[in-house]
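# An overview of the molecular structure
Residues per chain are reported as follows:
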Amino acid sequence: MFEICLSRVTWLHRVPAGIKLSVLAVAGAAVFLTDDRRVLAGLVGFAFSLPLLAWLPLRPLARQVLPAAVLIAALVVFHLALGDADSAVLVAARLSTVILLAVTLTLTTRASAMVEAMERILAPLRFVGVSPAKAGFTLSLAIRFIPVLFAITGEIREAQKVRGLERSVVAVALPLLVRTLRMADDLSEAIAARAYDGD
Amino acid sequence: MIELNGVSVRFGDLTALYPVSLSLAERRVAVVGSNGSGKSTFARLLNGLVVPSTGEVRVDGLSTARDARAVRRKVGFVFQNPDNQIVYPLVEEDIAFGLKNLKLPKAEIAARVDAVLTRYGMEALRTRPAHLLSGGQKQMLAISAVLVMEPDYVVFDEPTTLLDLRNKRRVARAIAGLPQTAVVVSHDLEFLADFERVLVFDAGRLVCDGPPATAIPFYRDLMAAEADGV
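Throughout what follows, the structure given in this document is the object of discussion. (Residues numbered from 1 in each chain as written. Chains lettered and ligands numbered in written order. Predicted model: local features only at pLDDT ≥ 70, side-chain atom pairs only at ≥ 80, totals over all residues. Heavy atoms only, no water.)

## Overview of a nonpolar patch on the surface
Stated precisely, the cut-off is as follows: Surface patches are defined over residues having more than 30% relative accessible area and no salt bridge, joining like charges when they lie within 9 Å and nonpolar side chains (Val, Leu, Ile, Met, Phe, Trp, Tyr) when within 5 Å. Areas reported as accessible are Shrake-Rupley estimates using a 1.4 Å probe. Residue values count occlusion only from the protein chains shown. Every case where a carboxyl oxygen of Asp or Glu lies within 4 Å of a side-chain nitrogen of Lys or Arg is listed as a salt bridge. Secondary structure elements follow DSSP: runs of H or I no shorter than four residues count as helices, runs of E no shorter than two count as strands, and numbering proceeds from the N terminus.
Where nonpolar side chains cluster on the molecular surface, the patch consists of Val170, Leu174, Leu177 and Leu181 of chain A and spans about 410 Å² of accessible area. Of note, Leu174 of chain A is situated in helix H8 (residues 169-193).

Right under this line is the structure:
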C-alpha cells in the first residue's frame, strides 16, 4: 500500500515544511556538486540516519525506496561492468541520498504544508509571471494522484492478465493513458466546481 | 431559484440537449434518463460547468455564462466518481480545499472542517490518506467537501452508482437531510421515489416533467419500450 504522509506524528513532522524543503534542496544540490568523498560520506550518513533518528517505521520507508533501489543497483552494475568502480560508488551515493531525503520529506510532511511552503519559497517569482499558488497546487495534485495511478495500473494489469496480455506494454499503457486523460478532464471540472481560481 | 430559458447545448455537430425552459424551485429534484440522454449535460449546466449554446441559465438571477465564479459558489457539484474529484491527499486537507478557495480565515476553515467531519461521522478519518478510503467513504468525503462550502444548491451526478447497498443508503440519508435544494441525477428509482419532482430526459430532450408518481412509471415504460426495440 502506498503511504503519503504517515499519520503517526514524529518530531520530524513538527519541523516546518519550508525548512525540510530547503534541506532537501541544499543537500540534493550539494551531493551532485561535490566530489569530496568526506562531504559525500557525510551527506549519505545524514540521509540514512535521518529516518532512523525520527523513528520512522521502516516498512513504508522501504516500500517507497525499493523501486528506486532496484534502479540504483542496475546503474551500479552497469558502471561496474564498464570497470568504473569509482563512478558506481558516486552514482549510488548521490541517488540514494536524494531519494532517501525526498521519501523522508513526503512521509513526514502534509501536502498542504508543502504547498504553503512552496508558495512562500516561489513568491519572488511572481514578478516574472510564475504563479506560486498554481505551482504549489500542481505539486499537491501530483502527490494525491500517484497512488491513484498505481491503483489504476493494477486494475488494468489484472484485466489484461485475464486476456493473457499482462506482458504487453501497449495493452497496459494505452488504457492507462486514456483513463488518465479522462480523469484529468473530470478533475479539472471538479476543481472548477469547488471555486478554484488559481490565485 | 434556478431558471433555464430556451437552453440548448451543442458539442460540434452533436446536439447534447435540445431547447429546454423550466424553473427549479422544489427542494428535491430528480433527473433520470438512459446513458447519453443529456441528463449529465443538464446537470452541468446548473453550475456553469457547461455553458449553453443558446438560451440562458440563471441561478438566483446570476447568469452561469457571465457570472460563473459567483454561480459556482452558490451551486455545489458532486460527481459520480469520487476518485476524480478528491484533490488533496488527506481527508481534512481535501475538505478544506474549497474553503481556502473562498478565502475564508483559517479559524473558520478549521471550524467548518470539524463540523462537517462530525456531522457525517468521519472524525476518525480526518488524517487518513484519501486513496486508502473505501468507495463509500470516498463518496462521503466528496460530498462533505462540497457541503462544507455551504452552497445554496447542490447538484449530484449519479452519486450512488459506484456504491454498495449500505453506502447507497448512507449517501441517500445524507442527501435527504440536506437543508439545501438538491438536484440529483440517478438511475436508482427507489432512491428518487420521495422527491418532489422528476425530470425525464431521452435523446437530449426533456420528455416528462412531473411528480414521481407519474414521471417514474413514464420512465419505466420508456426504457421497457426502448429495450424491446419499439
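Having put the structure on the table, let's press on.
## A closer look at empty space enclosed by the protein
How we decide: Only protein atoms enter the 1 Å grid used here, on which a cavity is any set of points holding a 1.4 Å probe that cannot leave and a pocket is any open set flanked by protein within 12 Å on both sides along at least five of seven lines; residues with an atom within 4 Å of a point are listed as lining. Grid points are joined across faces, edges and corners, and a volume is the space filled by probe spheres set on the points.
Under the definition given, this model contains one cavity of 30 Å³ or more. Considering only enclosed or pocket space, the largest cavity measures out at about 30 Å³ in volume. Surrounding the largest cavity, Ala193 of chain A together with Arg72, Arg73, Val75, Gly76, Val146, Met149 and Pro151 of chain B form its lining. When contributions to the lining of the largest cavity are tallied by element, the ones reaching two or more residues are helix H2 (68-74) and strand E6 (75-78) of chain B.

## Notes on H8 of chain A
Going by this rule: Helix span is expected to be 1.5 Å times the residue number reduced by one. Residues count as neighbours in contact if any of their non-hydrogen atoms are within 4.5 Å of one another.
Taking 1.5 Å as the rise per residue, H8 of chain A with 25 residues should run 36 Å; its terminal C-alpha atoms sit 36 Å apart, in good agreement. Where H8 of chain A is buried, its residues touch helix H7 (132-162) of chain A together with helix H1 (39-45), H2, E6 and helix H3 (91-101) of chain B.

## So, helix H6 (residues 165-176) of chain B
Residue and element names in this part refer to chain B. Rules: Under the scheme applied here, a residue whose accessible area is under 20% of the maximum for its type counts as buried, over 50% as exposed, and between as partly exposed, the area being computed with a 1.4 Å probe on protein chains only. Arc definition: directions from the helix axis to the C-beta atoms.
Relative to the 16 Å expected for 12 residues at 1.5 Å per residue, H6 spans 16 Å between its end C-alpha atoms, a close match to the ideal helical length. When we look at burial in H6, the residues that qualify are Asn167, Val171, Ala172, Ala174 and Ile175. The buried residues of H6 occupy one face: seen down the axis, they fall within an arc of 160 degrees. Structural note: H6 exposes Leu165, Arg166, Arg169, Arg173 and Ala176 on the side pointing more than 90 degrees away from its buried face.

## What about the sheet that holds strand E10 (residues 205-210) of chain B?
Residue and element names in this part refer to chain B. Applied cut-off: For two strands to be treated as a pair, DSSP must find no fewer than two bridges joining them. Axis geometry follows a simple rule: fit a line to the C-alpha atoms, using only the stretch in contact for helices, then measure angles between N-to-C directions, giving values from 0 to 180 degrees.
Spatially, six strands are ordered E6-E7-E8-E3-E9-E10 in an open sheet, and the strand pairing comes out mixed. Strand pairing shows two members of the sheet lacking a second neighbour, E6 and E10, which therefore form its edges. When strand polarity is set aside, the average angle formed by the axes of neighbouring strands in this sheet is 15 degrees. Note that strand E7 (residues 153-157) and strand E8 (residues 181-185) share five bridges and pair parallel. Opposite Asp157, over in E8, you have Val185 as the bridge partner. This element, helix H5 (residues 135-147), spans E6 and E7 of the sheet and lies at about 170 degrees to E6.

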